[in-house]
Amino acid sequence: MPSLLYLVKQLELAVRARLDEVVRGHGITALQYTALTVLERHDGLSAAQLARDSFVTAQSTADLVRALETRGLIRRERNPANRRELLIHLTVEGRTLLAAVDAPVRDLESRMITKLTADQADGFRQSLITAWQSLA
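Some words on a nonpolar patch on the surface
Thinking step 1. On the surface, a cluster of nonpolar side chains totalling about 350 Å² of accessible area is made up of Leu4, Tyr6 and Leu7.
Thinking step 2. Relative to the helices and strands, leucine 7 is located in helix α1 (residues 4-24).
Thinking step 3. Take leucine 7: its relative accessible area is 42%, and that puts it in the partly exposed class.

Set out below in structure tokens:
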């Protein structure tokens, strides 16, 4: 029987591939989508905070932010409390894009758990949260 770590990685790879398919038509990648959803929940993050919350390196975040800013999906502003720091904000265009991919992303999540009962899906979600918290 495969290890849990192997199964988690296989699930991550499958989700990322399918998510890339879903968002590709909107001109973004799965990593860019993740960053946009992080900003949707916590607008006004520094690049370092966005990197941590999006599970990417600082270098990857610099490229990601540049691409999203070029597309007009985010904007950067000086932090009034620390003028050397730039805070990243989701734009109206970014929110519009997230709204456009919301249904297909929800469909993807539904497909992932389609063979689980509602109780199993809730248990799966709680188990993932617990496992993540144990390592965080």
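This is not the end of the story, as more comes after the structure.
Some points on the pattern of salt bridges
Thinking step 1. One pass over the structure, following the stated rule, counts seven salt bridges.
Thinking step 2. Put simply, arginine 66 and aspartate 63 hold a salt bridge, and the shortest N to O gap is 2.7 Å. Residue arginine 66 and its partner aspartate 63 are located together in helix α4 (residues 58-70), separated by three residues, close to a single helical turn.
Thinking step 3. You can call arginine 66 partly exposed: its relative accessible area is 46%.

Here's the deal with unusual backbone geometry
Thinking step 1. Not every positive phi belongs to a glycine, and phenylalanine 55 is a case in point at roughly 65°.
Thinking step 2. With a relative accessible area of 67%, phenylalanine 55 lands in the exposed category.

Cut-offs used in this document
- Residues numbered from 1 in each chain as written.
- Predicted model: local features only at pLDDT ≥ 70, side-chain atom pairs only at ≥ 80, totals over all residues.
- Heavy atoms only, no water.
- Patch = residues over 30% accessible without salt bridge, like charges linked within 9 Å, V, L, I, M, F, W, Y side chains within 5 Å.
- Areas by Shrake-Rupley, 256 points an atom, 1.4 Å probe, with all protein chains shown as cover.
- Salt bridge = Lys/Arg side-chain N within 4 Å of Asp/Glu carboxyl O.
- Helix = DSSP H or I, 4+ residues; strand = E, 2+ residues; numbered from the N terminus.
- Buried < 20%, exposed > 50% of the residue type's maximum accessible area, 1.4 Å probe, protein only.

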